[in-house]
Amino acid sequence: MKKIAIFTLSIIISLQVTAQENYKKCLTTPLVEKELIGNSDYAKSRANIISENKIWIKNNSKEKNIINIPVVVHIIHRNTYTQIGQGNNISNAQIEDALKILNEDYSKTNPEHPTPPRNTFINYWGNPDMKFCLATTDPDGNPTNGITRTSTTKLSFDADTESNEMKRVWSGGIDAWDPSKYLNIWVCNLSNSGGGGMTLGYAYLPGLSGSNLYKDGLVIDYQYFGTIGGASSSSDGRTATHEIGHYLGLNHTFAEGGIWNGFPYGCADSQGNLICCDNDNDNVDDTPAAKDIYFGNVISSTNNNTCDDTFYGFSTDLLDMDENFMSYASTAWMFTDDQINVMNATLNGYRSSLKNSTVSMNCDGSVGTGLNNYQLENLNIYPNPTLGKLNIVSADKINTLSITNIIGKEILFAKDISANTIDFSSYESGVYFINISTDKGTHIEKIILTK
Ligand SMILES: [Zn+2]
């Protein structure tokens, strides 16, 4: 009897472990494959990028200077969460925390450096030397803190069927800022109607174009962006690290396969069974072959070895590199040199306009002072351009209002108003900035005076 009891208990435990495992933690592989099937331009572009990257890697070495990348974070929150910091209308502090973790991981200054939990692959550990900075100019040339906040009636976006709906105004989200100049990160509440675990995030591999370009960028569940505020206690804040790896051309370090939305994806047969061992061979040769996703912590005694690497170009069989950011392990801390070469090649090829973006940005890791996400739906400033008279309607009391000219000289100042018409027609035609401060935050906008 005792034996049977133990046996039953072990079945229950193993079922619980299986339920916790999350085969859809990142949706990139099935999403990319679905796009490849339905979009021949993307398929051609992917093939070109892989071969161009190979040539770049052959002829160049990693950038010596840090590459700064302008980022816009789009917070899509439920309309009932009107206050910043409430529900999925996450705080600026949570956004700063997410950027801090991301920038540590991309500069090899993450807490695991220089003494990681295990040393197996310490000599493979490279430094991407990249920095992600909040944009300070929006696509219209207006000042911004690099964060947009959009209220939606949707409780969540279904990652299985609404993967791109947060990227369009008409489907409850917000349109991308020019993806050739900004890295767009949509942060929202994700759900999964298809079962099989929870999706924390996803990103398309580089190559989208034309009418599909709007999909380019990262989607991350608000509970897995950063580790504080509205973040889940199980968030390591590294979903963005992993998804930017995809965005810059990296695949998972492990072979995966299954059925998603009725079609077999990855390295799977028609029933969705995994049939191979290594799938990250797009110019990355220094990550060992792996399959059977590992979800656990990586500690000094971790010794998974799911494939014989001598079949995949290695002279000896190595352990699985579970500590790689492109794995699913719950602790990860490194990119390899080959992965960094691919990311560099992408930034010098398909994403060169992002690398060379002239968008101004704030790289100090903090959300810019004085630009605190004023809820735009409560504020209307019109007409713009103006002949000189400007109507300002605000649901919130305006504490201070000022207009400065292009060199920063204040030409008009008012305080304690709720709605007003201001007249600055006596000034010369040109570009001005209006700065409106309320208890909810400050809004700055470019105004064009044409007479
Ligand atoms: Zn992934």
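Above: the structure in question.
Residues numbered from 1 in each chain as written. Predicted model: local features only at pLDDT ≥ 70, side-chain atom pairs only at ≥ 80, totals over all residues. Heavy atoms only, no water.

### Structural notes on the overall build of the protein chain
Worth spelling out the cut-off: Secondary structure is summarised from DSSP: a helix means a run of H or I of at least four residues, a strand means a run of E of at least two, and numbering begins at the N terminus for each. All radius of gyration figures rest on C-alpha atoms, and the globule criterion is 2.2 Å times the number of residues raised to 0.38. Exposure is judged per residue with a 1.4 Å probe applied to protein chains only, and the accessible area is read against the type maximum: over 50% gives exposed, under 20% gives buried, and values in between give partly exposed. In what follows, a contact means two residues having at least one pair of non-hydrogen atoms within 4.5 Å. Working definition of accessibility: Shrake-Rupley area with a 1.4 Å probe, residue cover restricted to the visible protein chains. Residues counted as positive are Lys and Arg, residues counted as negative are Asp and Glu, and His and the chain ends are not counted. Where a charge sits is defined by one atom per residue type, namely NZ (Lys), CZ (Arg), CG (Asp) or CD (Glu).
When its secondary structure is counted, the protein chain shows seven helices and 16 strands. Rg of the C-alpha trace for the protein chain: 24 Å, near the compact-globule value of 22 Å for 451 residues, within the 12% margin. For the protein chain, the spread of C-alpha atoms along the three principal axes comes to 85 × 60 × 45 Å. Evaluated residue by residue, the protein chain yields a buried proportion of 51% over its 451 residues. The contacts of the protein chain with a sequence gap of at least 6 include a subset with a gap of at least 24, amounting to 68%. Summed over all atoms, the accessible surface of the protein chain reaches about 19800 Å², with 52% contributed by carbon and sulfur. If you average the places of the 33 positive and of the 49 negative side-chain charges in the protein chain, the two averages end up 4 Å apart.

### Comments concerning the coordination of the zinc ion
Here is the rule we go by: In this analysis a donor is any N, O or S atom within 2.8 Å of a metal ion (3.2 Å for sodium, potassium and calcium), and since water is not included, sites may seem incomplete.
In the first shell of the zinc ion, the protein supplies Cys 26 (SG), His 242 (NE2), His 246 (NE2) and His 252 (NE2), at 2.0 to 2.2 Å from the metal. Counting the intervening residues between successive donors of the zinc ion yields the motif C-x215-H-x3-H-x5-H. Of the two residues, His 242 sits in helix H5 (residues 239-247) while His 252 sits in the loop between H5 and strand E9 (257-260), which places them 10 residues apart along the sequence. The exposure classification of His 242 matches that of His 252, with both residues buried.

### Focus: the environment of Lys 34
Structurally, the position occupied by Lys 34 is in helix H2 (residues 28-38). Taking C-alpha positions, Lys 34 is 22 Å from Asp 292, a pair spaced 258 residues apart along the chain.

### Here's the deal with the packing of H2 against helix H3 (residues 40-59)
Rule in force here: Helix axes are fitted to C-alpha atoms over the stretch in contact, other axes to C-alpha atoms as well, and angles between N-to-C directions run from 0 to 180 degrees. With respect to orientation, any angle under 35 degrees is reported as roughly parallel, any angle over 145 as roughly antiparallel, any angle of 65 to 115 as roughly perpendicular, and every other angle as oblique. As a working rule, the residues Ala, Val, Leu, Ile, Met, Phe, Trp, Tyr, Cys and Pro are called nonpolar, Asp, Glu, Lys and Arg charged, and the rest polar, with Gly in that last group.
Look at H2 against H3: their axes get within 5 Å of each other, and the N-to-C directions meet at 115°. The pairing of H2 with H3 is recorded here as roughly perpendicular in orientation. Together, Val 32, Glu 35, Leu 36 and Gly 38 of H2 and Ser 40, Tyr 42, Ala 43 and Arg 46 of H3 make up the contact between the two elements. Among the residues making up the contact of H2 with H3, the classes are represented as four nonpolar, two polar and two charged.

### Regarding the pairing of strand E1 (residues 67-78)
Rules: Two strands are said to pair when DSSP picks up at least two bridges between them. The definition of a right-handed crossover adopted here requires that, viewed with the strands pointing away, the path from the first strand over the helix to the second runs clockwise.
With 10 of its 12 residues buried, E1 lies for the most part within the structure. In the sheet, E1 pairs with strand E2 (residues 130-135) via five bridges, with the strands oriented parallel. Paired with Asn 68 across the bridge in E2 is Lys 131. A crossover connection joins E1 to the parallel E2 through helix H4 (residues 92-105); in handedness this β-α-β unit is right-handed. Across five bridges, E1 lies against strand E5 (residues 183-188) in parallel orientation. From the neighbouring strand, Val 73 faces E5, where its bridge partner is Ile 185. Bridge analysis of E1 against strand E3 (residues 147-152) gives six bridges, and the strand direction is parallel.

From the geometry alone we can't say anything about function, so treat these as descriptive.
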